[in-house]
Number of protein chains: 2
Amino acid sequence: MASSDPLARLVQQLAKLPGIGERTALRLAFHIMRAPEAYAQALSAAVLEVKSKLVECEQCCQLTESSPCPLCADARRDGRTVLVVAGQQDLMAIERTGSYRGQYHVLHGLLSPLDGIGPDELKIQPLLARLGKSDSEIEEVILATSPNVEGDATALYLAKLIRPLGPRVTRIASGVPIGGELEYADGVTLGRAIEGRREL
Amino acid sequence: MASSDPLARLVQQLAKLPGIGERTALRLAFHIMRAPEAYAQALSAAVLEVKSKLVECEQCCQLTESSPCPLCADARRDGRTVLVVAGQQDLMAIERTGSYRGQYHVLHGLLSPLDGIGPDELKIQPLLARLGKSDSEIEEVILATSPNVEGDATALYLAKLIRPLGPRVTRIASGVPIGGELEYADGVTLGRAIEGRREL
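Residue positions within a chain follow its written sequence, with the count starting from 1. By the order in which they are written, chains take letters starting at A while ligands take numbers starting at 1. Per-residue local features of the predicted model are confined to residues with pLDDT of at least 70, and side-chain atom pairs are confined, for both listing and counting, to 80 or more; whole-chain, interface and lining totals are unaffected and use all residues. Calculation of side-chain values draws on the structure's entire complement of heavy atoms; hydrogens and water are dropped beforehand.

Q: So what's going on with the interface of chain A and chain B? Which residues, and what values?
A: Throughout, a contact is declared for two residues whenever any of their heavy atoms are within 4.5 Å. If you look at the interface, chain A gives 52 residues, while chain B gives 52 residues. What gets called buried area is simply the loss in accessible area from a 1.4 Å probe that two parts show on being joined, summed for both. Buried surface at the junction of chain A and chain B, summed over both partners, amounts to about 5,000 Å²; 71% is from carbon and sulfur atoms. Of all residues in chain A, the largest losses of buried area upon contact with chain B belong to Met33, Lys51 and Met92 of chain A, amounting jointly to 13% of the total for that side. In the sections that follow, a salt bridge refers to a side-chain nitrogen of Lys or Arg positioned within 4 Å of a carboxyl oxygen of Asp or Glu. Applying the counting rule to chain A against chain B returns two salt bridges. Between Glu49 of chain B and Arg9 of chain A there is a salt bridge, with the nearest N and O atoms lying 3.0 Å from each other.

Here you go:
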């Protein structure tokens, strides 16, 4: 076999990334091989750094350089609402909209019994502890999990646990996307949109 | 902005890889962030290693752990034919078929004047030097560049330079792929297939 060992090892590591198959891994590996030395060093360092320098925020559980994270430490943010997301990508997507100014909580996953992900695999206890604190000023918990099987199940599960602690529990709306065409929306989305209709 | 710096840096480095956009880079970065520490270390090391441990084979110009590479050093391979490929991926694809037992030469690219890739950017001189050696036993040079504009141009250019040196110059066949359906083959492929017809 012509493949030299360092190449095979890099391909093997790259192929473990989500959505990267053997062929793509090989293409990426060849790119790295041909790229300037400085690029390989920067990439290599960035990979290590993301593990070594990031810690979990003691309050919202997102991975951050400092704990509490800049979002939790920001006194201008509204501490009366907590928006619960499955992952940090979701948090970033919501932050980009600029339409939410409260606090966050990152679950690091969704309930998925078939994949072996139960409540203990998620950051649910830290959320409950946060809500149960005597000095908690949280009045509303917004469950912003995706409107799919896992997201719905997780939201229902959390709602049942949170309600006894006092805060109002809400769920983000789902329906026809803005700019979307009714005729192209799938049946479930349309059904949800009608169910969730509001007085004008 | 919620993005912590190490994450942004990793995304930036990953997004430089071919076919990896910002969104994919973010997804990969989050995967690395959540993966065990050992994975980040293995990936990081593999990236560095592929640059530091690989050298260019003095004969065929492929990147390898030792020069001459295992293929060039293998005395059981037929030294009378040299198969010229654009990249190492092509070499590996041909090796996998097991249908070629001669030597190789890797150009590290194809002529593409619009992208600023001229003859000097490719490993053409080492190939000519190899063919011009007084003790060269090379009788045939097989040009195995892809049958597209760059591949054809490179093959024609090389043929013109190699013929005066003595060896027979051939080009791999192009036509309807084995297992392919005539009715689905594009016109150019069909045209080439007819042009390249052979006596049975």
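From this point on, the discussion continues.
Q: Break down the side chain of Glu49 of chain A for me, citing the residues and quoting the values.
A: By the secondary structure assignment, Glu49 of chain A is in helix α3 (residues 37-52). If we skip the residues at most four places from it in the chain, Glu49 of chain A touches Leu54 of chain A together with Pro6 and Arg9 of chain B. Comment: elements are numbered from the N terminus, with helices defined as DSSP H or I runs of at least four residues and strands as E runs of at least two.

Q: Give a description of the pattern of salt bridges that names residues and reports values.
A: Applying the stated rule across the entire model yields 18 salt bridges over all chains. Across the salt bridge formed by Glu56 of chain A and Lys123 of chain A, the nearest N and O atoms sit 3.2 Å from each other. Of this pair, Glu56 of chain A sits in strand β1 (residues 55-56) while Lys123 of chain A sits in the loop between β4 (102-106) and α6 (124-132), and the two are 67 residues apart along the sequence. With relative accessibility at 36%, the residue Glu56 of chain A sits in the partly exposed group. Within this structure, Asp5 and Arg9 of chain A together with Glu49 and Lys53 of chain B form a network of salt bridges that share partners. Throughout, exposure labels follow a simple rule: accessible area from a 1.4 Å probe, protein chains only, divided by the maximum for the residue type, with under 20% read as buried, over 50% as exposed, and the rest as partly exposed.

Q: Could you give an account of the sheet that holds strand β3 (residues 78-85) of chain B, naming the residues involved and the relevant values?
A: All names here are of chain B. The strand order β4-β3-β5-β6 describes an open sheet built from four strands, whose pairing is parallel. The sheet is open, and its two borders are formed by β4 (102-106) and β6 (168-171), each paired with just one other strand. Strand after strand, the sheet turns through a mean of 25° between neighbouring axes, direction not considered. Strand pairing requires that DSSP identify at least two bridges connecting the strands. Pairing of β3 with β4, which is carried by five bridges, proceeds in the parallel orientation. Paired with Val82 across the bridge in β4 is Gln103. Axes here mean lines fitted to C-alpha atoms, for a helix over just the part in contact, with angles spanning 0 to 180 degrees between N-to-C directions. Its contacts with the sheet place helix α6 (residues 125-132) against β3, β4 and β5 (140-143), and it is angled at close to 145° to β4.

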